[in-house]
Amino acid sequence: MSVANMGSGFDTFGLCLDRPADILEARPSERPRLRVDGDDSIPTDLRRNAASVAAKAFARELGVRWSVDLHLIKGCRGGSGIGSSGASAVAGAVAAAALLRADVQRPAVAAALLRSAFAGEAAGSGSAHLDNVAASLFGGFTIVESMHPQIVHRLPVPRGIRVVIGLPEYRLDTQRSRSVLPTHIPRRDAVENVAHAAAFIHGIMTGDVEAIGRNMVDRIAEPYRRRLVPGLDAAATAARRAGALGVALAGSGPSVVALTRVRRAPDVARALRRGFARGGVPAEALICRAGRGAQLLERT
Ligand code: HSE
């Protein structure tokens, strides 16, 4: 999975997580088929599922008529804010590339992977963004420069940090979470966001983890989404008190992402759980590292 936005990079930044992860088993088959385990809400309709749409899109990119039998094992439920559909979409595209023996080191194939996963994400989440897809595909920290044409940059994540995710029990649909956003924002908020996003990137490039955390600040979306996320303020306050370097809504929510030094991670995880509980919301907390992106487990 992955975290989009990371505070100041609305629709632009993405951070890949090492867990939770989707697993997709794929084999060519005369009859296209899809089974999903781990989340009953994920569509099993081949035309609406992120993984199957992405796999088909990749075959089409190669000009191949081809069908596949897919078994998707979800590592995390949808509507959580940590890029569940983006992860499935990437899995579908990567599995198709492996089965079709495409050379993913070639820039043209990598671009086709990104386009196919993007198509899967659009079908799966109902709102097409590249931030989670880019992070899940390439791993590390990613910046979406442009969606049309698709231009993505990848930066390595500094060592010595953990990413703690507070995962409340309820779901929040991305479209619902976007519906509360204004079409215009005050100039001072735009300026503040640009400053934080630029300083965040500077922190990534210089390994200044304090600066990264300090600049997980969003004036574009989070202020408007706050009312959709019970427990957010209490969880964020508790995590900061427990030593988090920075806290933000994870993607479109309702999960919360906290960045912390390794030794503080257990305290921050406990604080996120307790904070959500204080807000009346049961939640779990996961301590993650930055992930390496989609991995091929076995090729048969
Ligand atoms: N960046 C998106 C949003 C979520 O905040 O609505 C992930 O694509």
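Quick caveat, the model's predicted, so the values are computed rather than measured. (Residues numbered from 1 in each chain as written. Predicted model: local features only at pLDDT ≥ 70, side-chain atom pairs only at ≥ 80, totals over all residues. Heavy atoms only, no water.)

Things to note about the pattern of salt bridges
Think of it this way: side chains of opposite charge can pair up when their charged atoms draw near.
Move 1: Counted according to the given criterion, the structure contains 11 salt bridges.
Move 2: Among the salt bridges present, the one from Arg 47 reaches Asp 45, with a minimum N-O distance of 3.3 Å.
Move 3: The class for Arg 47 is exposed, based on a relative accessible area of 69%.
Move 4: On the basis of relative accessible area, Asp 45 is assigned to the partly exposed category, the value being 26%. (Salt bridge = Lys/Arg side-chain N within 4 Å of Asp/Glu carboxyl O. Buried < 20%, exposed > 50% of the residue type's maximum accessible area, 1.4 Å probe, protein only.)

Observations regarding the side chain of Arg 162
Move 1: Tracing the backbone shows Arg 162 in strand S8 (residues 161-168).
Move 2: No salt bridge is formed by the buried Arg 162; the nearest opposite charge belongs to Asp 18, separated by 7.3 Å.
Move 3: Apart from the residues lying within four places of it in its own chain, the contact partners of Arg 162 are Ala 258, Leu 259, Thr 260, Val 262, Ala 265, Ile 287, Cys 288 and Arg 289. (Helix = DSSP H or I, 4+ residues; strand = E, 2+ residues; numbered from the N terminus. Lys, Arg positive; Asp, Glu negative; His and termini not counted. Contact = heavy atoms within 4.5 Å.)

Points about the site of the ligand
Move 1: In the vicinity of the ligand, the contacting residues are Ala 4, Asn 5, Phe 10, Asp 11, His 129, Asp 131, Asn 132, Arg 178, Arg 225, Gly 251 and Ser 252.
Move 2: One of the side-chain nitrogen or oxygen atoms of Asn 5 is found 2.8 Å away from an oxygen atom of the ligand.
Move 3: Within the side chain of Asn 132, one N or O atom sits 3.5 Å away from an oxygen atom of the ligand.
Move 4: Bound to the protein, the ligand loses 97% of the 260 Å² it would expose on its own.
Move 5: Judged by its atoms lying within 2 Å of the grid points, the ligand is housed in the second largest pocket.
Move 6: Of all the elements in the fold, those that place two or more residues in the shell around the ligand are strand S1 (2-5), strand S2 (9-16) and helix H4 (131-138).
Move 7: Of the residues in the shell around the ligand, the class split is two nonpolar, five polar and four charged. (Near = heavy atom within 4 Å. Polar contact = N/O pair within 3.5 Å; in protein donor to acceptor, adjacent residues only side chain to side chain. Areas by Shrake-Rupley, 256 points an atom, 1.4 Å probe, with all protein chains shown as cover. 1 Å grid on protein atoms, 1.4 Å probe; cavity = no way out; pocket = protein on both sides within 12 Å on 5 of 7 lines; lining within 4 Å. Sits in = over half its atoms within 2 Å of the grid points. Nonpolar A, V, L, I, M, F, W, Y, C, P; charged D, E, K, R; others polar.)

Some remarks on the layout of surface pockets
Move 1: Reported here for the largest pocket is a volume of approximately 840 Å³.
Move 2: As for the largest pocket, its lining consists of 31 residues, of which Asp 22, Leu 24, Gln 295, Leu 296 and Leu 297 are closest to the centre.
Move 3: No other element matches the seven residues that helix H2 (residues 84-99) contributes to the lining of the largest pocket.
Move 4: By residue class, the composition of the lining of the largest pocket is 19 nonpolar, five polar and seven charged.
Move 5: There is about 580 Å³ of room inside the second largest pocket.
Move 6: Around the second largest pocket, the lining comprises 41 residues; the ones closest to its centre are Gly 79, Ser 85, Gly 124, Ser 125 and Thr 174.
Move 7: Top contributing element to the lining of the second largest pocket by residue count: helix H3 (residues 107-125), with four residues.
Move 8: Looking at side-chain class alone, the lining of the second largest pocket contains 10 nonpolar, 22 polar and nine charged residues. (Points joined across faces, edges and corners; volume = space filled by probe spheres on them.)

Considering the packing of aromatic side chains
Move 1: As enumerated under the stated definition, the model contains three aromatic pairs in all.
Move 2: Summarising the aromatic geometry, the rings of Phe 141 and Phe 200 are spaced 5.5 Å apart at their centres and angled 35 degrees between planes, so their arrangement reads as tilted. Residue Phe 141 is located in strand S6 (residues 141-146), and its partner Phe 200 is located in helix H6 (residues 187-206); the two are separated by 59 residues in the primary sequence. Phe 200 matches Phe 141 in its accessibility class, with the two residues each being buried.
Move 3: Grouped by ring-pair contacts, the aromatic residues Phe 13, Phe 141 and Phe 200 constitute a single cluster. (Phe/Tyr/Trp six-rings, centres within 6.5 Å; stacked < 30°, edge-to-face > 60°.)

Re the sheet that holds S6
Move 1: As summarised here, the arrangement of the four strands in space is S1-S2-S6-S7, forming an open sheet in which the pairing is antiparallel. Among the strands making up the open sheet, the edge pair consists of S1 and strand S7 (151-155). Pairwise comparison of adjacent strand axes, ignoring direction, gives a mean angle of 25 degrees for this sheet.
Move 2: The pairing of S2 with S6 spans three bridges and is classified as antiparallel. When the sheet's bridge partners are listed, Phe 13 is paired in S6 with Ile 143.
Move 3: Packed onto the sheet, H4 meets S1, S2, S6 and S7 and runs at close to 20 degrees relative to S2. (Pairing = 2+ DSSP bridges. Axes fitted to C-alpha atoms, helices over the stretch in contact; angles between N-to-C directions.)

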